[in-house]
Amino acid sequence: MNFSFTEDQALLRSSVRSALDEQCKTDHVRAMMDDRLGYGEPLWSEMAKLGWLGLPFPEQYGGAGLGLVELAIVLEEMGRVAYPGPFFSTVVLGGLTLLLNGSDAQKERWLSAIASGRSRLTAALQEDSLDWDPASTTATAAKAGAGWTLSGTKRFVPWAHVADAVLVPARAPEGLSLFLVNPKAPGVTLTPTRGMDLTTRWFTLKLDGVSVGADALVGAAGGAGSLLESALRRAAVGASAEMLGAARRCLDMSVEYAKVREQFGQLIGSFQAIRHKCAEMLMEVENSHSAVYYAAWALEAGAEDAAMAASVAKSYVSESARRVCGESIQAHGGIGFTWEYDLHLYFKRAKSLEVMFGDAEYHRELIARLVAA
Amino acid sequence: MDLNYTPEDIAFRKSVRAWLEANLPRAPLKTLDERRAWHRRLYEAGYLGMGWPKEFGGGGARPMEQAIVADEMARANAPAPTNGLGLGIVGPTIVVHGSDAQKARYLKKILTAEEMWCQLYSEPNAGSDLASLKTSAEDRGDHFAINGQKIWTSGGKVADWGLLLARTDTKVPKHRGITCFLISMRQPGVDVRPLKQITGSSEFCEVFMTNARVEKPDQIGKLGEGWAIANTTLGYERGGRSLARVTSYASQYHRLVAAAKKLRRHGQPLAESPVVRQKLGRIWAELEVERYNALRVLTQLERGEHPGAGGSLTKLSYSEFEKRFNELALEILGPYGQLTEGAPAELGLEIDTAVGEQGTWAYAYLWSRAGTIYAGSSEIQKNVIGERILGLPKEARADRAGVTR
């Protein structure tokens, strides 16, 4: 039993932090908010060089062969700087799903390309109804020769405009199945949306009789239900790690501010109204840390309670991160409400992830099914 | 990071479980003698004072082994040992700060429950501001004479000895004029009166000391060191019990779920109501987070690190959780949850009822209000977190450089 980071894990965190502090300063984040693509290629290449893009993939695919705890460390650090770009969609939604369920050829083709920085992936996990239950999928896959023809509408597909392939669940004659779709293929329409978190890009993806070959199928035909559930668990824990990073950043900024801001002739951190608020924020951040890293370990280790741990993490961190980021604006007062001040970057990042991959209520129902069936 | 238990820990857990299955009292323990006998069996099995030095009767065990014993006892709903404060606070204080003579004189008898202990810290006017305590210890040459009143003394009625904080110097700032002593409760100058709480029971006492006697060799540490000693020992054993605490809440939770399947609203079992399921899901998530926290604290203890001010975070988190847990229980159980007598058997609690605790949800609900007050209220914990962990500036306080009169 050892619930602490190894030396290597601590080293990874400090190297990720210093690289992001250097290359993902707020100036960069704000520039990307106005950028057409929304992310910077130089930083992407750097992440490939540093081994982050292939971090959880086996060495045979050019990866680092590390696990979900290490990936959570990287994601927490990305949340901490509100990193803008398709890292999460590529590595977590695309890469991990293929790693677990893809054919050898698919892994060969995509994981190496992701690790080297050549390819970006994403997954289209939501439809109009916003239900995260894979069973609610209505997009269809009709048999067409050896392949399929896909139709349907997907919502909130992250970073689809820069993806080389999108994982798309659809209903085949055999049942719910998962396909790799080229977003530039005929019949695919991408429509951008503009959310309040400008460091994240969401697209509506319309499939109108899109042809895919036999090799587009991921896993078995009709077997995507449990596959998607495990992909969603990984996504939920990954998002929790990012939200944790955003919350810790907001806490740090609040504490620093409380040490320099004076009102009534005193530092505001000396007032219990502010000090107690910061203490409560730290408690929620530390509890979130426990939840995120326990869940990352449990998924990696295939622990009995992995599904429970993932839902505990997502339900707990979703609300805690929202609260902590919100309270940081409150602790700052007016300055925290300005566009110029950075708090809103983290506040919005936490909010955009809160509702993804199942919100707190969604996961609380999953918990109830596991423990109060 | 590896959250698997080692094969040694798993084997140890099995052996504890087997011992408990063979030795658990068949009937509830009613008298103090029965509880002492059970306490001694736990000690003889090697399950008490596990982390104390071997030469003074302890077991020299790792924190994980202590946590496993506590956890298995919670799982088996085993009665607690009887000398809780002796084991939890007094013993560790003597282990760290006592002289060899004090260790030899007192430790073994704590472990065997031959001598029962209480803690004499709080006073009517020294609660959160404990350092303003006024009970005086006057040097009379061969002994100290103690005068003053203590309150919230748990186990005071049965205690043979007390761990006392008293003022030995009124001319220095208040934190530096306090000394730590061991005092016999069995003497004419000590008057113990039970204090009735909102639960209707009296786990706590008030203690009045009038020229009570403390022998010179029973001073712990140096004169004026009492505040520092109290601060280092307040958090002892917190980590070792935290896993067990979660385990007992988990077993109460399952009983609550069973009740929610029977009780109905709008013709439907409560357990099928999405609103109730949300609440059950939330509190289970919080319980799991407390379990993960317990594993983090255990990791620190295993590495020989003292959690320090981090203990304030742990205490704040779980004591506030306990209130929410019991509030939810009484929400689900309705008036059944408020019964102190006459509740159906399946609505009883699986807790040790022999120390005056009633095995009812109502009692647990009332008792949960104590956790965010004793051993430093939530507000005090937040001050500690703010100042010592986050490094926020201290508040302007009238008594910072003050002298206690």
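Residues numbered from 1 in each chain as written. Chains lettered and ligands numbered in written order. Predicted model: local features only at pLDDT ≥ 70, side-chain atom pairs only at ≥ 80, totals over all residues.

(A) Quick look at the overall build of chain A. Scanning chain A from terminus to terminus reveals 11 helices and 10 strands. For 373 residues, the compact-globule estimate of 2.2 N^0.38 gives 21 Å, and the C-alpha radius of gyration of chain A, at 21 Å, lies within 12% of that figure. Projected onto its principal axes, the C-alpha coordinates of chain A cover approximately 80 × 50 × 40 Å. When the 373 residues of chain A are sorted by exposure, 56% land in the buried category. (Helix = DSSP H or I, 4+ residues; strand = E, 2+ residues; numbered from the N terminus. Rg over C-alpha atoms; globule rule 2.2 N^0.38 Å. Buried ≥ 20, exposed ≤ 12 C-beta atoms within 10 Å, placed from the backbone.)

(B) Fine view of the overall build of chain B. For chain B, the count of helices and strands is 11 helices and 10 strands. A compact globule built from 405 residues would reach a C-alpha radius of gyration of about 22 Å, and chain B, at 22 Å, matches this within 12%. Referenced to the eigenvectors of the C-alpha coordinate spread, the extents of chain B come out at roughly 75 × 50 × 45 Å. By the burial criterion, 44% of the 405 residues in chain B qualify as buried. Sequence-distant contacts, at least 24 apart, represent 71% of the contacts inside chain B between residues at least 6 apart. (Contact = placed C-beta atoms within 7 Å.)

(C) View of the nonpolar core. Ranked by size, the top nonpolar core spans 237 residues in total, and within it A:Ala72, A:Val166, A:Phe179, A:Ala247, A:Val292, A:Ala295 and A:Ala313 carry the most contacts. Beyond its immediate chain neighbours, meaning those up to four positions away, A:Ala313 contacts A:Ala236, A:Val237, A:Ser240, A:Ala291, A:Val292 and A:Ala295. (Core = buried A, V, L, I, M, F, W, Y, C linked by C-beta atoms within 7 Å.)

(D) Representation of the interface of chain A and chain B within the structure. Counting from both sides, the interface comprises 41 residues of chain A and, opposite them, 40 residues of chain B. Ranked by residue count, the leading element in the side of chain A that touches chain B is helix 8 (residues 272-301) of chain A, at 15 residues. Here the side of chain A that touches chain B is built from residues that sort into 22 nonpolar, 12 polar and 7 charged. (Nonpolar A, V, L, I, M, F, W, Y, C, P; charged D, E, K, R; others polar.)

(E) Region of the structure containing helix 11 (residues 378-389) of chain B. Residues and elements named next belong to chain B. When the terminal C-alpha atoms of helix 11 are compared, their 15 Å separation across 12 residues agrees well with the 16 Å that a helix rising 1.5 Å per residue should span. Among the residues making up helix 11, those that are buried are Ser378, Gln381, Lys382, Asn383, Val384, Ile385 and Gly386. One or two steps after helix 11, the chain reaches Gly391, where phi turns positive at roughly 70°. (Expected span 1.5 Å × (residues − 1).)

(F) Structural detail: the packing of helix 8 of chain A against helix 9 (residues 306-332) of chain A. All names here are of chain A. Where helix 8 meets helix 9, the closest approach of the two axes is 8 Å, and the angle between their N-to-C directions is 155°. Relative to helix 9, helix 8 is oriented roughly antiparallel. Crossing of helix 8 against helix 9: the hand is left-handed. Of the residues in the contact of helix 8 with helix 9, the class split is 20 nonpolar, 3 polar and 4 charged. (Axes fitted to C-alpha atoms, helices over the stretch in contact; angles between N-to-C directions. Parallel < 35°, antiparallel > 145°, perpendicular 65-115°, else oblique. Left-handed = near helix turned anticlockwise from the far one by under 90°.)

(G) Structural view of the domain arrangement of chain A. All names here are of chain A. When cut into domains, chain A gives domain 1 (7-119), domain 2 (123-222) and domain 3 (225-371). Computed from C-alpha atoms alone, the centre-to-centre distance between domain 2 and domain 3 is 30 Å. Facing the 12 residues of domain 2 at the interface are 13 residues of domain 3. Tallied by class, residues from the side of domain 2 that touches domain 3 come to 7 nonpolar, 4 polar and 1 charged. (Domains from an automatic or database assignment.)

(H) How the structure looks around the domain arrangement of chain B. All names here are of chain B. What the domain assignment lists for chain B is domain 1 (7-82), domain 2 (117-224) and domain 3 (238-389). Taking the mean C-alpha position of each, domain 1 and domain 3 sit 23 Å from one another. In terms of residue count, helix 3 (residues 63-75) provides more of the side of domain 1 that touches domain 3 than any other element does, 9 residues in total. Considering only residue class, the side of domain 1 that touches domain 3 consists of 10 nonpolar, 2 polar and 5 charged.

(I) Main features of the pairing of strand 7 (residues 202-212) of chain A. Pairing between strand 3 (residues 147-158) of chain A and strand 7 of chain A: 9 bridges, direction antiparallel. Opposite A:Trp148, over in strand 7 of chain A, you have A:Val212 as the bridge partner. (Pairing = 2+ DSSP bridges.)

(J) Region of the structure containing helix 7 (residues 224-258) of chain A. The terminal C-alpha atoms of helix 7 of chain A lie 50 Å apart, and with 35 residues this matches the ideal 51 Å at 1.5 Å per residue to within 8%. Within helix 7 of chain A, 28 of the 35 residues are buried, which leaves the element mostly enclosed by the surrounding structure.

(K) Region of interest: the confidence of the model for chain B. Looking at chain B as a whole, its pLDDT mean stands at 92, while 95% of the residues score no less than 70. As a predicted assembly, this complex carries a pTM of 0.96 together with an ipTM value of 0.96. (pLDDT = per-residue confidence, 0-100.)

(L) Spatial organisation of unusual backbone geometry. Of note in the backbone geometry, A:Trp159 takes a positive phi value of approximately 55° without being a glycine. You can see A:Trp159 is positioned in the loop between strand 3 and strand 4 (165-172). In the Ramachandran plot, B:Asn211 falls in the positive-phi region, its phi being about 45° despite a non-glycine side chain. Here B:Asn211 shows up in strand 7 (residues 204-215). The class of B:Asn211 is exposed, set by 12 C-beta atoms lying within 10 Å.

(M) A look at the environment of A:Leu150. Relative to the assigned elements, A:Leu150 resides in strand 3. Look past the residues within four positions of A:Leu150 in its chain and what remains in contact with it is A:Ala139, A:Ala141, A:Val168, A:Ala170, A:Phe179, A:Val181, A:Leu207, A:Val210 and A:Val212.

(N) A look at the packing of helix 9 of chain A against helix 11 (residues 360-371) of chain A. Residue and element names in this part refer to chain A. Packing of helix 9 against helix 11 leaves a shortest axis separation of 8 Å and a crossing angle of 150°. The interaxial crossing formed by helix 9 with helix 11 has left-handed handedness. Residue-level inspection shows Ala307, Met308, Ser311, Val312, Lys314, Ser315, Ser318 and Glu319 of helix 9 in contact with helix 11, the latter providing Ala360, His363, Arg364, Leu366, Ile367 and Leu370. Tallied by class, residues from the contact of helix 9 with helix 11 come to 7 nonpolar, 4 polar and 3 charged.

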